[in-house]
Amino acid sequence: MPTPFFPTTRFTAAIAPGGLPLLGHAPALLHRPHEFVAGLPAHGDLVRLRLGPLHAYVVCHPELVRRLLTDDHAFDKGGPLLDKTRETVGNGLATCPAAAHRRQRRMLQPAFHRDRLPDHAVMMAEEIAGATARWRDGDVIDVPAAMHRLTTAVTARCLFAVHERDGSLPVHRSMDVVARGAGRRVMLPLPGADRLPTPGNRRFRRARQDLREITRRLIADYRAAGTDRHDLLSTLLTATDGDGRCLSDAEIHEQVLTFLLSGVETTAATLSWAWTLLAANPAVRMRLHAELDTVLDGRPARHQDLPALPLTARIVSETLRLYPPPWILSRTATTDTELGGHRIPAGATLLYSPYLLHRRADLFPRPDRFDPDRWLTTARPAPGTYTPFGLGARRCIGESFGVTEAVLAIATIAARWTIAPTPGRPVRPGRGSSLSPRPFTATLTRRVR
Ligand code: HEM
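What you see is a predicted model, and the numbers here were worked out from it, not measured in a lab.

Novice: Help me understand the overall build of the protein, please; the structure alone is not making it clear to me.
Specialist: Check the secondary structure of the protein and you find 15 helices and 11 strands. Expected size for 449 residues packed as a compact globule is a radius of gyration near 22 Å; at 22 Å, the protein falls within 12% of this value. Referenced to the eigenvectors of the C-alpha coordinate spread, the extents of the protein come out at roughly 60 × 55 × 45 Å. Restricting the contact set of the protein to residue pairs at least 6 apart, pairs at least 24 apart contribute 72%. Charge separation in the protein, taken as the distance between the mean sites of 60 positive and 43 negative side-chain charges, equals 4 Å.

Novice: Please explain the packing of helix 12 (residues 282–296) against helix 15 (residues 399–416) as it appears in this structure.
Specialist: When two helices pack together, their arrangement is given by the angle between the helix axes and by the axis-to-axis distance. Between helix 12 and helix 15, the least distance of the axes is 9 Å, while the angle of their chain directions is 95°. The angle between helix 12 and helix 15 places the two elements in the roughly perpendicular class. Together, Leu288, His289, Leu292 and Leu296 of helix 12 and Ile410, Ala411, Ala414 and Ala415 of helix 15 make up the contact between the two elements. Its residues assigned to classes, the contact of helix 12 with helix 15 comprises 7 nonpolar, 1 polar and no charged.

Novice: Could you clarify how one ought to interpret the coordination of the iron atom of the ligand in this entry?
Specialist: Coordination angles at a metal have ideal targets, namely 109.5 degrees for four tetrahedral donors and 90 or 180 degrees for six octahedral donors. Among all protein atoms, only Cys396 (SG) binds the iron atom of the ligand, sitting 2.3 Å from it. Tracing the backbone through its elements, the reader meets Cys396 in the loop between helix 14 (354–358) and helix 15.

Novice: Before we go on, may I ask you to explain the site of the ligand in this structure?
Specialist: Of all residues adjacent to the ligand, which total 28 residues, the nearest are His101, Arg105, Arg331, Tyr352 and Cys396. His101 places a side-chain nitrogen or oxygen 2.6 Å from an oxygen atom of the ligand. In this structure, Arg105 approaches the ligand through a side-chain N or O atom, which is 2.7 Å from an oxygen atom. Elements with a minimum of two residues in the shell around the ligand: helix 5 (98–108), helix 11 (249–280) and strand 6 (329–333).

Novice: Which parts of the structure should I look at to understand the sheet that holds strand 11 (residues 441–446)?
Specialist: What links the strands of a sheet is backbone hydrogen bonding, and the strands pair in either a parallel or an antiparallel sense. Spatial strand order, 5-11-10: 3 strands in an open sheet with antiparallel pairing. Each edge of the sheet is formed by a strand with only one pairing partner; in this case those strands are strand 5 (140–142) and strand 10 (417–421). Neighbour-to-neighbour, the strand axes of this sheet turn through a mean angle of 35°, independent of strand direction. Here strand 5 runs beside strand 11; their pairing, made up of 3 bridges, is antiparallel. Considered in strand 11, the bridge of Asp142 is made with Thr441. Those strands touched by helix 7 (residues 143–160) are strand 5, strand 10 and strand 11, and its axis lies near 70° from that of strand 5.

Novice: Can you help me understand the pairing of strand 3 (residues 54–59) in this one?
Specialist: Consecutive side chains of a regular strand alternate in pointing toward one face of the sheet and then the other. Two strands pair when backbone bridges link them, and strand 2 (residues 46–51) and strand 3 are joined in this way by 6 bridges, in the antiparallel orientation. Within strand 3, the position partnered with Arg48 by the bridge is Tyr57. Where strand 2 hands over to strand 3, the hairpin turn is made up of 2 residues, of which Gly52 adopts a positive phi near 60°. As defined by bridge partners, strand 3 adjoins strand 9 (residues 349–352) across 4 bridges and the pair is classed as parallel. Paired with Tyr57 across the bridge in strand 9 is Leu350.

Novice: It is not clear to me how the nonpolar core should be interpreted in this structure. Could you clarify?
Specialist: Here is a general trend for soluble globular proteins: nonpolar side chains tend to be buried in one another's company. Grouped together as the largest cluster of nonpolar side chains are 118 residues, with contacts concentrated most on Trp275 and Leu350. In terms of residue count, helix 11 provides more of this core than any other element does, 14 residues in total. Among all residues touching Trp275, those that are not within four sequence positions of it are Val143, Met147, Ala409, Ile410, Ile413, Ala414 and Ile419.

Novice: I keep staring at a positive patch on the surface and nothing clicks. Help me out?
Specialist: Among the surface-exposed residues, Arg134, Arg136, Arg416 and Arg446 lie close enough to one another that they form a single positively charged patch. Note on Arg134: relative accessible area 60%, which makes it exposed.

Novice: Would you mind going over the pattern of salt bridges with me for this structure?
Specialist: Side chains that carry opposite charge are capable of pairing whenever their charged atoms lie near each other. Taken as a whole, this structure holds 21 salt bridges when the rule is applied. Where Glu126 meets Arg157, a salt bridge forms, and the shortest distance between an N and an O atom there is 3.2 Å. On the criterion of sequence distance, the pair formed by Glu126 in helix 6 (residues 117–132) and Arg157 in helix 7 is long-range, its members being 31 residues apart. Owing to a relative accessible area of 9%, Arg157 belongs among the buried residues under this scheme. Ionic pairing is found between Arg447 and Asp293, a salt bridge with its closest N-O pair at 2.9 Å. Here Arg447 is found in the segment after strand 11, whereas its partner Asp293 is found in helix 12, with 154 residues between them in sequence. The class of Arg447 is buried, set by a relative accessible area of 16%. Salt bridges here are not isolated pairs; linked through shared partners, they connect Arg67, Asp71 and Glu338.

Novice: Can you walk me through the packing of aromatic side chains in this structure?
Specialist: Aromatic ring pairs: the centre-centre distance and the angle between the two ring planes describe each pair. One pass over the structure, following the stated rule, counts 7 aromatic pairs. Taking 4.5 Å as the distance between ring centres and 50° as the angle between the ring planes, the aromatic pair formed by Trp375 and Tyr386 counts as tilted. Placement of Trp375 in the loop between helix 14 and helix 15 and of Tyr386 in the loop between helix 14 and helix 15 is noted, with a sequence separation of 11 residues between them. What makes Tyr386 partly exposed here is its relative accessible area of 22%. In this structure an aromatic cluster arises from ring pairing among Phe112, Phe259 and Phe401. One cation-aromatic arrangement involves Arg359 over Tyr323; the distance from NZ or CZ to the ring centre is 5.5 Å.

Novice: Help me understand unusual backbone geometry, please; the structure alone is not making it clear to me.
Specialist: Glycine aside, negative phi is the norm for most residues, and most peptide bonds take the trans geometry. Look at Leu22: it is not a glycine, yet its phi comes out positive at around 65°. Here Leu22 is to be found in the loop between strand 1 (13–15) and helix 1 (26–31). A positive phi is found at Arg366, a non-glycine position, where the angle reads about 45°. Its place among the elements puts Arg366 in the loop between helix 14 and helix 15. On the basis of relative accessible area, Arg366 is assigned to the exposed category, the value being 59%.

Procedures and definitions
- Each chain has its residues counted from 1, running along the sequence as written.
- In keeping with the predicted nature of the model, local features appear solely for residues at pLDDT of at least 70, side-chain atom pairs appear and are counted solely at 80 or more, and the whole-chain, interface and lining totals rest on all residues.
- Side-chain figures throughout are based on the complete set of non-hydrogen atoms in the structure, without hydrogens or water.
- Secondary structure elements follow DSSP: runs of H or I no shorter than four residues count as helices, runs of E no shorter than two count as strands, and numbering proceeds from the N terminus.
- With the radius of gyration taken over C-alpha atoms, the globule rule is written as 2.2 Å times the number of residues to the power 0.38.
- Two residues qualify as a contact provided that any one of their heavy atoms is within 4.5 Å of a heavy atom in the partner residue.
- By the counting rule applied here, Lys and Arg register as positive and Asp and Glu as negative, while His and the ends of each chain are not counted.
- Lysine's charge is taken at NZ, arginine's at CZ, aspartate's at CG and glutamate's at CD.
- Inter-axis angles, ranging from 0 to 180 degrees, are taken between N-to-C directions of lines fitted to C-alpha atoms, where helices are fitted over the stretch in contact.
- Reported orientations rely on four angle classes, namely roughly parallel under 35 degrees, roughly antiparallel over 145, roughly perpendicular from 65 to 115, and oblique for the rest.
- Gly counts as polar in this scheme, as do all residues outside two lists: the nonpolar Ala, Val, Leu, Ile, Met, Phe, Trp, Tyr, Cys and Pro, and the charged Asp, Glu, Lys and Arg.
- Excluding water, the donors of a metal are its N, O and S neighbours within 2.8 Å, or within 3.2 Å for Na, K and Ca, and that exclusion means sites may look incomplete.
- When we say a residue is near a molecule or strand, we mean one of its heavy atoms is within 4 Å of it.
- Any pair of nitrogen or oxygen atoms within 3.5 Å is treated as a polar contact; in protein, a donor-acceptor pairing is required on top of that, and neighbouring residues in sequence qualify only through side-chain atoms on both sides.
- Between any two strands, at least two bridges found by DSSP are needed for them to pair.
- In this text, buried Ala, Val, Leu, Ile, Met, Phe, Trp, Tyr and Cys residues form a nonpolar core when linked through side-chain atoms within 4.5 Å.
- Exposed residues in this analysis have more than 50% of their type's maximum accessible area, buried residues have under 20%, and partly exposed residues fall in between, with area computed by a 1.4 Å probe over protein chains only.
- Patch membership is restricted to residues that have no salt bridge and whose relative accessible area is over 30%. Joining uses 9 Å for like charges and 5 Å for the nonpolar side chains Val, Leu, Ile, Met, Phe, Trp and Tyr.
- To be clear on the numbers: accessible area is Shrake-Rupley with a 1.4 Å probe, and residue cover counts the displayed protein chains and nothing else.
- We define a salt bridge as a side-chain nitrogen of Lys or Arg found within 4 Å of a carboxyl oxygen belonging to Asp or Glu.
- Centre distance within 6.5 Å is the pairing criterion for rings of Phe, Tyr and Trp, where only the six-membered ring of Trp is used; planes under 30 degrees apart are then read as stacked, over 60 as edge-to-face, and the remainder as tilted.
- To sit over a ring, a charge needs its Lys NZ or Arg CZ within 6 Å of the ring centre and within 35 degrees of the ring normal.

In structure tokens, the structure reads:
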């Protein structure tokens, strides 16, 4: 056990057991990532891993996670995964260093202001209705693909005010390829693999270029028309910093890619997991149906309904506890520092994992159980305990947007459909940086109220 910096610290540090020569813990992280990471708190509050030549500290204690995420001077965005994300989407809000962050966040915050949500919710409700309009009783669908199309359509609509019922506009196609490809490219193990002339890489680059062109044209149209279309692009165009400077077209494009990478897959994964959890828990599903029948009486959910849908909201919170989409995230120490009394050298990579925290039995009793009612208590979890949206200055800017979208989608869809995953094929998480389910099919049954 490394010597504590402050000998009196109550936080323990350890090296994770089971590291192999040369490879260290990389095989364990590659083959059974979620189980491996969730098992680390048994060894200490700060656990060191070796991933080939790289060392990383996994922060396992909520108090230390809180410090990691709120001390931007000592811990900045960084680490190998983030470096790759920067190569793919540039230096937008989610990837820029702390020095550039405050300006960007101030400029973009109005786009996600609470007052904008009712307008966004109208667009979300229409896209949700459109995405499910062609479903027929007995259809078998690929659930993650359907949810991805749905959240892409919602994001396209709220970003650019474009809509098309079947999601076949060029902007949808490019957004879908970029949103999927960006996540995959971040996980490519070989340096430079994202630059090889493979069909997937070519498709990704073409889609990113198409999206840049679409954004450029839309920006020109919006500037010429000069009207506020109540979408995110209108807000980005009028955003100014303290010196009255606007975002350049290139900066707007970076932010568009950032919203795509951050908002599409995360919300799609949440919805896909929610359907598997509801299918496996019929008692909760029946109570959900009762709530929806009372409140919606057969019509799609609207923004005004949200306060009357507390169980639907708890289902979203509990799904995000069990399956937080960004399940492992990184920071870099900007200076020689300490965490929990243990020395951290400048340049060290630190990891925090909402998945690990959410599966700690001392923080969430019977942690593997899907129990939306655990959120009935009025006591909020201590900071650093429940972190599906992160914490501190880099907390998710799209939290209310994503939660609203998820609640409206679950309410509208579950009121009319039951989604039953094909039996005999357990739904498993993929191995990417986002905790999304692997493709799985399900049968749709129209509900009779
Ligand atoms: C259920 C849905 C979502 C989840 C679980 C989620 C989760 C997160 C998490 C954990 C972070 C913090 C990352 C870190 O600490 O390094 C984050 C940041 C961010 N998210 Fe989300 N997100 C969701 C939806 C969205 C949506 C819909 C958007 C935009 C349309 C969005 C945009 C962003 C951006 C731009 C950041 C960077 C914020 C900053 O650094 O200031 N997210 N998100």
